[in-house]
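Structural overview
If you want the building blocks of each chain, they are given just below.
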Amino acid sequence: AQSVTQLDSHVSVSEGTPVLLRCNYSSSYSPSLFWYVQHPNKGLQLLLKYTSAATLVKGINGFEAEFKKSETSFHLTKPSAHMSDAAEYFCVVTPKNSGYSTLTFGKGTMLLVSP
Amino acid sequence: GAGVSQSPSNKVTEKGKDVELRCDPISGHTALYWYRQSLGQGLEFLIYFQGNSAPDKSGLPSDRFSAERTGGSVSTLTIQRTQQEDSAVYLCASRGETAPLFGPGTRLTVL
């Protein structure tokens, strides 16, 4: 079984300040993990993925995430927020050897960016 | 290259009518997913296709829902006798060698 907990339903930051969106997971199997972003009235866009190579994963638009097995975490960070980062972010876990057949989504974190 | 496309982008229907939602996956992608996203419910798994294997239909909420994937490519999600609780955004994703990539979704409104 697997589950994902996104620890904050909403995060508010000012433009130019760092972003931290927290994700904890549990998985009976070695996991692959993804972060997706959803802008209003749009589909989900893949930000980055962890599939067992480097534990620090760099994604698009300056985002990165670090896989910490000991903490079962996969937090998403960005050094400096832009207004265009305002969106909803989803953390997803899937068993690595499942062929990604089962995607378990977190409930999402809404990122609000103020000028 | 082209991403996952879905049609229609918006669909308004009357309660009791049948609807068909279409998904065109990325060429060469063998896996295809349908998810439903509604307010307060998050992302809900509906069905998963992988190559020629029998689909995983474990997420379909009732027998009013069905899906098929013809020729390992295009997929159609059919909802019969729609109910107001079927109103949601229906998202399709396809996957090749990497993470699943999502389409823009179809917003279904049942009046």
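First, a word on scope: everything that follows refers to the structure included in this document. (Residues numbered from 1 in each chain as written. Chains lettered and ligands numbered in written order. Predicted model: local features only at pLDDT ≥ 70, side-chain atom pairs only at ≥ 80, totals over all residues. Heavy atoms only, no water.)

**A look at the state of the cysteines**
- Counting across every chain of the model gives two disulfides over all chains.
- Here Cys23 of chain A engages in a disulfide with Cys91 of chain A; their sulfurs sit 2.0 Å apart. Judged by the sign of its S-S torsion, about -65°, the bond between Cys23 of chain A and Cys91 of chain A is left-handed. Taken together, the positions of Cys23 of chain A in strand S4 (residues 23–27) and Cys91 of chain A in strand S10 (residues 87–95) put the pair 68 residues apart, joining distant regions of the chain.
- Look at Cys23 of chain A and you get buried, because its relative accessible area is 0%.
- Residue Cys91 of chain A is classed as buried on the basis of its relative accessible area, which comes to 0%.
- The side chain of Cys23 of chain B participates in a disulfide bridge whose partner is Cys92 of chain B; the two sulfur atoms lie 1.8 Å from each other. Disulfide Cys23 of chain B to Cys92 of chain B: torsion about the S-S bond roughly -65°, handedness left-handed. Of this pair, Cys23 of chain B sits in strand S3 (residues 19–24) while Cys92 of chain B sits in strand S8 (residues 88–95), and the two are 69 residues apart along the sequence. (Disulfide = S-S within 2.5 Å. Helix = DSSP H or I, 4+ residues; strand = E, 2+ residues; numbered from the N terminus. Buried < 20%, exposed > 50% of the residue type's maximum accessible area, 1.4 Å probe, protein only.)

**What to know about the nonpolar core**
Residues and elements named next belong to chain A.
- Ranked by size, the top nonpolar core spans 26 residues in total, and within it Trp35, Leu48, Phe74, Leu76 and Tyr89 carry the most contacts.
- The greatest single-element share of this core, amounting to four residues, is contributed by S10.
- Leave out the neighbours within four places in its chain, and Leu76 touches Val19, Leu20, Leu21, Trp35, Leu47, Leu48, Phe63, Glu64, Ala65 and Tyr89. (Core = buried A, V, L, I, M, F, W, Y, C linked by side-chain atoms within 4.5 Å. Contact = heavy atoms within 4.5 Å.)

**Side note on the interface of chain A and chain B**
- Facing the 15 residues of chain A at the interface are 15 residues of chain B.
- Note on chain A versus chain B: buried area summed over both sides is about 1300 Å², and carbon and sulfur give 61% of it.
- Here chain A is connected to chain B by zero salt bridges.
- Residue assignment for the side of chain A that touches chain B shows that the elements contributing at least two residues are strand S5 (31–38) and strand S6 (44–50) of chain A. (Buried area = accessible area lost by both parts, 1.4 Å probe. Salt bridge = Lys/Arg side-chain N within 4 Å of Asp/Glu carboxyl O.)

**Observations regarding the pairing of S10 of chain A**
Residue and element names in this part refer to chain A.
- Among the nine residues of S10, nine are classified as buried, and the element is accordingly described as predominantly covered.
- With burial as the criterion, each face of S10 is covered, one bearing Ala87, Tyr89, Cys91, Val93 and Pro95 and the other bearing Glu88, Phe90, Val92 and Thr94.
- Note: S5 against S10, eight bridges, orientation antiparallel. Along S10, the bridge assignment pairs Ser32 with Thr94. (Pairing = 2+ DSSP bridges.)

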